[in-house]
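Coordinates in review
Single-letter residue listing:
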Amino acid sequence: MGVPGAWYLTLAAVLFGVGAVGLLIRRNVLIMFMCVELMLNAANLSFVTFARMLNDIAGQSTVFFVLVVAAAEVVVGLGIIVSIFRRRAAATADDLHSLKG
Amino acid sequence: MIPAALLVHSVLANAHVLANPAVSARQLGHASAWAVFAVGAVFILGGAFGVILTRNPVHAALMLVLTLFGVAIEFVDEQSDFLAAVQIIVYAGAVIILFLFVIMFLGVDRKETSAREPFRAQRPVAIVLGVVTLIEILVVSRTADWTSGAMSVSGALHQAGADNIQNLGQSVYTRYLLPFEMTAALLVIAVVATVVLARQRDRVAAEMTREEQTELLGPEEMAEHEVRS
């Protein structure tokens, strides 16, 4: 039935790579955050694929927990970003260099 | 002319397949699974490249919706119906809305400035590293087995008489009950932490400017304070 799991895993690997490159090349804090979401989704996709390949429900349960943790992470991360932006009008990660010394 | 002849030829060659309903249904199911996979892959990759290449954060957020929708399509293709629904509700419904709220409330939809470049070689190095990582993953995947180990260690994916939601609920509420309770605690902690972070702290009157003090107290009372001090 259906597409071999290797295709999904390859797609997940490409998605993870794109997210990692985006995290490194972008300066906007919000877009860097979105790239983290891309990488989380790549991991979720491979979890579901492994669940299907091994015929094991644990993969899907793990994705459920990853979704919850990702939601909590987004809430806290955006709260931190809001408080940073309120303190200073800096749009990029390079402007946040108070700890540079 | 030649493609038409090929089409006729292929139809004739597959006539015995079309005549057999079981075989044709299986082939149709196979083809549709591939089609769904391809559509989802196009959504995922197009959205992902859109996120990292667009200048405007609002456009990047909308491209992220495209990627998340593509991932939901792939979940449907892999018969994990519940996760596909949750993916749409949680990500497209909550997370993206939160992103858009932050972008619009803060007015940070300005363009990235590349005037200050602390580390000039960062972008080329990042792209090279990303490509190398991708090639490594793909090479490893071709030379080694994708999956190994025992099947169905923590319960089968498809059990007789139970659909995906029943199976997943059984797993989460029995075997993974403790992690489930911990996620509840995590969510409460995250909500409280966000309220604390985002709360506008009241400034005491001594930290305010004269205009703000006047606005707070009113002109008469302000004059009274001035006289007293």
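As a starting point, this report considers the structure included with it. (Residues numbered from 1 in each chain as written. Chains lettered and ligands numbered in written order. Predicted model: local features only at pLDDT ≥ 70, side-chain atom pairs only at ≥ 80, totals over all residues. Heavy atoms only, no water.)

Quick look at the interface of chain B and chain A now. How big an interface is tends to be reported as the loss of accessible area on association of its parts. Every contact between the two is made by 86 residues of chain B and, on the other side, 70 residues of chain A. Contact between chain B and chain A buries roughly 7300 Å² in total, counting both sides, with carbon and sulfur atoms accounting for 73%. If you look at where chain B meets chain A, you find one salt bridge. Here chain B and chain A share 12 residue pairs in polar contact (both at pLDDT 80 or more) between them. Secondary structure elements with two or more residues in the side of chain B that touches chain A: helix H3 (21–53), helix H4 (57–77), helix H5 (81–106), helix H6 (122–143), helix H7 (164–175) and helix H8 (177–198) of chain B. Residues that form the side of chain B that touches chain A fall into these classes: 53 nonpolar, 22 polar and 11 charged. (Contact = heavy atoms within 4.5 Å. Buried area = accessible area lost by both parts, 1.4 Å probe. Salt bridge = Lys/Arg side-chain N within 4 Å of Asp/Glu carboxyl O. Polar contact = N/O pair within 3.5 Å; in protein donor to acceptor, adjacent residues only side chain to side chain. Helix = DSSP H or I, 4+ residues; strand = E, 2+ residues; numbered from the N terminus. Nonpolar A, V, L, I, M, F, W, Y, C, P; charged D, E, K, R; others polar.)

On to the nonpolar core. Counting residues in each nonpolar core, the largest one holds 57 residues, and the members touching the most others are A:Met34, B:Phe75, B:Leu83 and B:Phe99. When residues of this core are traced back to their parent elements, those giving at least two are helix H1 (5–25), helix H2 (29–53) and helix H3 (58–87) of chain A together with H3, H4, H5 and H7 of chain B. Here this core takes 11 residues from H3(A), the largest share from any one element. When sequence neighbours within four positions are dropped, the list of residues in contact with A:Met34 reads B:Val51, B:Pro57, B:Ala60, B:Ala61, B:Leu64, B:Phe99 and B:Ile103. (Core = buried A, V, L, I, M, F, W, Y, C linked by side-chain atoms within 4.5 Å. Buried < 20%, exposed > 50% of the residue type's maximum accessible area, 1.4 Å probe, protein only.)

In the Ramachandran plot, A:Asn55 falls in the positive-phi region, its phi being about 50° despite a non-glycine side chain. Here A:Asn55 lies in the loop between H2 and H3. A relative accessible area of 25% means that A:Asn55 is categorised as partly exposed. If you check the backbone angles, B:Gln79 has positive phi at about 60° while not being a glycine. When you line up the elements, B:Gln79 lands in the loop between H4 and H5.

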